[in-house]
Amino acid sequence: MISRRQVQRLVAAALAARRNAYCPYSRYPVGAAVLTSSGRIFAGCNVENASYGLTLCAERVAMASAIVRRQTELKAACIVGQGARPCGACRQFLFEFSTPKTELYLVDVSQNETRPKITRGLVRKMLPWPFDPLASGLLSRPPKYLQGVSK
Ligand code: THU
């Protein structure tokens, strides 16, 4: 499990990113942050578009920004919003970079934004029957960051 300090940093980064959400259509801001194996944190917010279907979810923005820095191993992800839950697409997206231990922190700001309700889970528990790059044969061996990690 990641330390309390890391949880605090992760939640703070996601809360800050949520303030920059571009969501003029839904008016539903979402913030996300991911902690990678090097201990770095990357944040994201939702980015909407007048062509609604082009909208980017906060979690995917955060994870993509980690990938830009070659930070592929996900230790923990955090999502902040009113009744925050990652959508199905984001669960699959995060699954790709997860290990069986990758944690997920859901930060619900609906009651109290300064003292939000934090729930902990595991990324892999959030997606039963995932589309698995190994099981599908799309990858013949686990990506480097997953080698030596038990299933
Ligand atoms: N949204 C996210 O950013 N992450 C999710 O997992 C759920 C939905 C955004 C997309 C859209 O901008 C707004 O929330 C309402 O659906």
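Residues numbered from 1 in each chain as written. Predicted model: local features only at pLDDT ≥ 70, side-chain atom pairs only at ≥ 80, totals over all residues. Heavy atoms only, no water.

Enquirer: Please explain empty space enclosed by the protein as it appears in this structure.
Expert: Empty pockets left among the atoms are what a rolling probe the size of a water molecule brings to light. All chains considered together, the criterion is met by one cavity of 30 Å³ or more. Within this model, the largest cavity holds a volume of roughly 30 Å³. Around the largest cavity sit Ala32, Ala33, Val34, Glu59, Ala62, Ala77, Cys78, Ile79, Leu94 and Leu104, which together line it. Within the residue set of the lining of the largest cavity, elements represented by two or more residues are strand S1 (31-36), helix H2 (58-68) and strand S3 (74-81). Partitioning the lining of the largest cavity into residue classes produces nine nonpolar, no polar and one charged. (1 Å grid on protein atoms, 1.4 Å probe; cavity = no way out; pocket = protein on both sides within 12 Å on 5 of 7 lines; lining within 4 Å. Points joined across faces, edges and corners; volume = space filled by probe spheres on them. Helix = DSSP H or I, 4+ residues; strand = E, 2+ residues; numbered from the N terminus. Nonpolar A, V, L, I, M, F, W, Y, C, P; charged D, E, K, R; others polar.)

Enquirer: Would you mind showing me how to read the environment of Gln6 here?
Expert: Looking at the secondary structure, you find Gln6 in helix H1 (residues 4-18). Along the sequence, Gln6 and Ala76 sit 70 residues apart, while their C-alpha atoms lie 9.4 Å from each other.

Enquirer: Sorry if this is basic, but what is going on with the side chain of Gln71 here?
Expert: You can see Gln71 is positioned in the loop between H2 and S3. Within the structure, Gln71 has its side chain in polar contact with the side chain of Thr36 (distance 2.8 Å). If sequence neighbours within four positions are ignored, Gln71 has contacts with Thr36, Ser38, Arg40, Phe42, Met63 and Ala66. (Polar contact = N/O pair within 3.5 Å; in protein donor to acceptor, adjacent residues only side chain to side chain. Contact = heavy atoms within 4.5 Å.)

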